[in-house]
Amino acid sequence: EALVLTEIDARLATALRHSDRDLSGDATFAEFLASCKRLAKRHMHSMHGALAADMSIVRNVLRLTGGLHGLGLAVGAHLDSYGGFAHLWTTSVRTEVSTFLLSKPTAEHIVEHLRRYADLEVSIDALAPSNTFGPLVLNTEHLKLALRTECGAWRSAYANALHAIAKAALDEQLAFFAQCRRALAREVGLSASNLNKTLSDEDVDDASTPDSLRAKRTSEERAVYGSLAKLASARASRASASRSLLGTSVLSELKALMGTARMVEASDEAVDVDVTRVGELYETLGAHMPRGPPRPESDAVDDLRASWRRLRVHAEARSAEMAAMETSLRALLMGALRAFTVELRALASEWETAGPLSSVISNEDARARLGRFAAAAENRAAQLLELNVGERLFGLEPTAASELSRITRACVVCERLLTLEAELAKAATRHLDAPFSEVAERTTVFDASITYFASLALSLPLEARKTPAFVRLRAQLDSLGGAVPVLRDLARPELRERHWTQLGNLSDGFVDVSAPGLTARELLNSGLRKRALEVAAIAHTAVEEAALEARLAAVQADAWGSALELAPYGGKQMGIIDLPATAELRARVDDALADLDAICASRFGSPFESRCAGLMRQLAAVAEVLDAWVRAQAVFVRLAPLFGAAHVARSLPKQAKVFEATERAWSKLLRRVAESSGVVALVSADEGLRGALEHVLAQLETCARALSGYLHSKRLAFARLGFVGDGALLEILAQAASEPHAVLGRCLPTMFAATAFLELCDERSFQGSQGPVGLSRASSSSGERRPSSAASRGPPSSSTVALRLGGNAGGHTHRQGSGTFPQTVWRALAVLAAD
């Protein structure tokens, strides 16, 4: 159907191209085209039916269809047979082999991969060059060639990896063979003639033996400086050949040669296995590498077994040579050991008799001896190492040489001891020769240094602590340790001139500490070190006196820094002194006096007695002034408000003038206090201050006595005024006329304990009335009331007669001096007194 419709479209397009009109946009033409397609489709269906009706046509169509389908299946199966080679072109050779080599594979794993690709090549070669499928023939020759090329690339990559491993194994074997050849070719510098000559010299008895040398010693110094040289000369005549032939290098080479020969003999089987493995690897490479391994490597592999056989023959020959020389070498070694033992005993004897610690010599001489003995011990140690190598070579027990170990340890201990002594001397010079002005800061460091050196000395072995050098070191430490307390006492900053005078009396001569070149060593050498106890006592006295001096200075600073404080009073900013501050100041003055007394009583206070006495006089004067000022202020504060009342000034005019003058003098004293820098300075500068205070106090007491007489006269006028104080009585006298209600309200509870309430009458309301007047009503604390109507009831009492006023308005009181009270107040007082 699709073919028919396509054919119709093609024919219609051809017809349109030959038409004279453009019918692409004509709707009628479009309908015509659709009709043509429908007719063609119906005609096609009618054709299918006609073909299906013919069985021969159907049979032929089915045969053709089956043949084409079978041909397609056969070709597809043949192409699928190449899927086993797909990884040859789908995977990168470089990536795959690099990943494989990162896992560090063995040669066996690489060989497995090579065999796999060899099998693939066989499979590729087995493919037919062409294949016939019915009418089709597939030519696969070029495909086989491409597959074989890809497989060869994979085999080449793995063969290169195997070649690297095989080359490393071959190089290792060749290097081992070359090392063994070099070791076996080494010459040890020994020959039969040398050995025979050396052995004959060993039998010669030298007259200059160490025993004869020890017999010829005449002094200790000759033993030290000459015996070692003679000993070396004797050894040169006896064992010079042994030392030259059995040196470290000769014995080491001999040991290496024999060890190589034994190793070649013991490595035969292992080398055979390794050579076989290398041969197999290169054989595999020859089968898998395109061009095979390099020719030099192949030749080296082929020559491996022959090289090893030659190496074994060489090793056997050298072993036979060493075996032939073994007896002579052993004899030579024994002679060297005997000579070494004799020399070592001589060296040990020299150490005991003329060593650096054997006698009392200077540090420099001891270090010189130590250097010679240390060099000799080092020589012997090197010889012992050579001999031990020979002993191990012949299977003998190595010589221990305990005497050499003891001398070596003794040299180390001696070096420590002499170094410690030298360092101690340097430290002592550094500290004792410093200027005396630096002794104070250096003494602590010096003391720590001595303690450190003492600990190092005690850490030395016991045998070192029995030597004369250690005794000398211990004496130096004790001497310097005893000098440290003396230096510490002399460096105290509390020492004054009087103390240095005492120290000068103790020393051999005058000690001038101000001299610029004075050192600690000079002070110690002046004889003060021998008088350490007296120096310590003087230093202790200086410290205690310095403490008392500081205490005295603190007392003086506190006293001289104290001042009187002023407080406002009576509307003035500086009216009086502050009593709490003054009391505190007075307590500090007492404490200062006690401290000064304690300083004078101390056994270290003699240098400050005159100073303390002067301070105590000043502070005693301050205490007296403060006491007088407090007494005067107490009277002044009590009288000032009283003499401030107008009726007192009218009643006591003379005393009021005296008080006014006293008040002016009081103000002048306060101004002097304000202008002074401190109370001690105030008292010391003004000697008449105490007299002025006493004069003020006398004037105030005179005014107080006059005021007391005046108030006593008022109390005589009314007995119950005795229950009222001076201030309250003056208040009553001052305010009874102007504020009677307030005065009675405050004062009546004091004079009449039971009165709780009082109300006065207006004086004009009872003019011409009869009986006690002026009290409107009153009540007691127990609830009793007194109304005004009850004022005329009952006979008057004696107290009422004494206080009541007559009925006339111009009457007067019964007692003299009571006229200052208004009539209303006196009437109220009279009524209350009657009740």
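The notes below deal with the structure included here.

Reading guide: rules and limits
Residues numbered from 1 in each chain as written. Predicted model: local features only at pLDDT ≥ 70, side-chain atom pairs only at ≥ 80, totals over all residues. Heavy atoms only, no water. Helix = DSSP H or I, 4+ residues; strand = E, 2+ residues; numbered from the N terminus. Buried < 20%, exposed > 50% of the residue type's maximum accessible area, 1.4 Å probe, protein only. Contact = heavy atoms within 4.5 Å. Areas by Shrake-Rupley, 256 points an atom, 1.4 Å probe, with all protein chains shown as cover. Salt bridge = Lys/Arg side-chain N within 4 Å of Asp/Glu carboxyl O. Lys, Arg positive; Asp, Glu negative; His and termini not counted. Polar contact = N/O pair within 3.5 Å; in protein donor to acceptor, adjacent residues only side chain to side chain. 1 Å grid on protein atoms, 1.4 Å probe; cavity = no way out; pocket = protein on both sides within 12 Å on 5 of 7 lines; lining within 4 Å. Points joined across faces, edges and corners; volume = space filled by probe spheres on them. Nonpolar A, V, L, I, M, F, W, Y, C, P; charged D, E, K, R; others polar. Core = buried A, V, L, I, M, F, W, Y, C linked by side-chain atoms within 4.5 Å. Arc of directions from axis to C-beta. Pairing = 2+ DSSP bridges. Phe/Tyr/Trp six-rings, centres within 6.5 Å; stacked < 30°, edge-to-face > 60°.

**Remarks on the overall build of the protein**
If you tally the helices and strands in the protein, you get 32 helices and seven strands. The burial tally for the protein puts 39% of its 835 residues in the buried class. Taking all contacts inside the protein whose residues are at least 6 apart in sequence as the whole, residues at least 24 apart take part in 73%. For the protein, the exposed surface amounts to about 45,900 Å²; the carbon and sulfur share of it is 56%.

**Let's talk about the pattern of salt bridges**
Two side chains carrying opposite charge are able to pair once their charged atoms lie near each other. Counted by the stated rule, this structure contains 25 salt bridges. Here Lys426 makes a salt bridge to Glu423, at a shortest N to O gap of 3.9 Å. Here the residue Lys426 and the residue Glu423 both occupy positions in helix H17 (residues 402-432), the gap between them amounting to three residues, near one helical turn. According to the relative accessible area criterion, Lys426 is partly exposed, its value standing at 49%.

**As for the side chain of Glu297**
If you trace the backbone, Glu297 turns up in helix H14 (residues 295-302). Of the side chains with opposite charge, Lys167 comes closest to the buried, unpaired Glu297, at an N-O distance of 4.6 Å. Polar contacts involving the side chain of Glu297 include one to the side chain of Tyr282, which spans 2.6 Å. Apart from the residues within four sequence positions on either side, Glu297 is in contact with His163, Lys167, Leu170 and Tyr282.

**Observations concerning the layout of surface pockets**
The space that makes up the largest pocket amounts to roughly 340 Å³. Forming the boundary of the largest pocket are 14 residues, of which Trp351, Leu357, Ala410, Glu463 and Thr467 lie nearest the centre. At the level of secondary structure, the elements contributing two or more residues to the lining of the largest pocket comprise helix H15 (304-354) and H17. No other element matches the five residues that H17 contributes to the lining of the largest pocket. A class-by-class count of the residues in the lining of the largest pocket yields seven nonpolar, three polar and four charged.

**Brief notes about unusual backbone geometry**
Phi angles above zero are rare outside glycine, and Lys104 is one such case at about 50 degrees. In this structure, Lys104 sits in the loop between helix H5 (93-102) and helix H6 (107-126). You can call Lys104 exposed: its relative accessible area is 72%.

**A word on the nonpolar core**
Residues Leu88 and Leu490 are the most contacted members of the largest nonpolar core, which totals 114 residues. Not counting residues up to four positions away in its chain, the partners in contact with Leu490 are Phe436, Leu495, Trp500, Leu503, Leu523, Leu528 and Val535. In this structure, Leu615, Leu642, Ala656 and Leu697 belong to the second largest nonpolar core, which totals 62 residues.

**Regarding the environment of Pro435**
One can find Pro435 in the loop between H17 and helix H18 (439-458). With 82 residues separating them along the chain, Pro435 and Gly517 place their C-alpha atoms 6.5 Å apart.

**What to know about the environment of Leu417**
The residue Leu417 is located in helix H17 in this model. Judged by relative accessible area, which is 0%, Leu417 ranks as buried. The spatial distance from the C-alpha of Leu417 to the C-alpha of Ala457 is 7.5 Å, given a sequence separation of 40 residues. Ignoring sequence-local partners within four residues, the contact set of Leu417 consists of Leu357, Leu460, Ala464, Thr467, Ala469, Phe470 and Leu473.

**Description of H14**
Given 3.6 residues per helical turn, the α-helix brings residues three or four places apart onto the same face. Taken as a whole, H14 has its buried residues at Glu297, Ser298, Ala300 and Val301. One side of H14 carries all its buried residues, which in axial view fall inside an arc of 160 degrees. Of the exposed residues in H14, those oriented more than 90 degrees away from the buried face are Arg295, Pro296 and Asp302. The elements touched by buried residues of H14 are helix H7 (141-184), helix H13 (268-288) and H15.

**So, the pairing of strand S1 (residues 130-133)**
Of the two faces of S1, the one holding Asn131 and Phe133 is buried and the one holding Ser130 and Thr132 is not buried anywhere. Looking at chain direction, S1 and strand S2 (residues 136-139) are connected through four bridges and run antiparallel. Bridge assignment links Ser130 to a residue of S2, and that residue is Asn139. Where S1 folds back on S2, the antiparallel hairpin that results is connected by two residues, among which Gly134 adopts a positive phi of roughly 60 degrees.

**Examining the packing of aromatic side chains**
The full count for this structure, using the stated rule, is 12 aromatic pairs. Taking 5.8 Å as the distance between ring centres and 25 degrees as the angle between the ring planes, the aromatic pair formed by Tyr117 and Tyr158 counts as stacked. Residue Tyr117 is found in helix H6, and its partner Tyr158 is found in helix H7; the two are separated by 41 residues along the sequence. By relative accessible area, which is 2% here, Tyr158 ends up buried.

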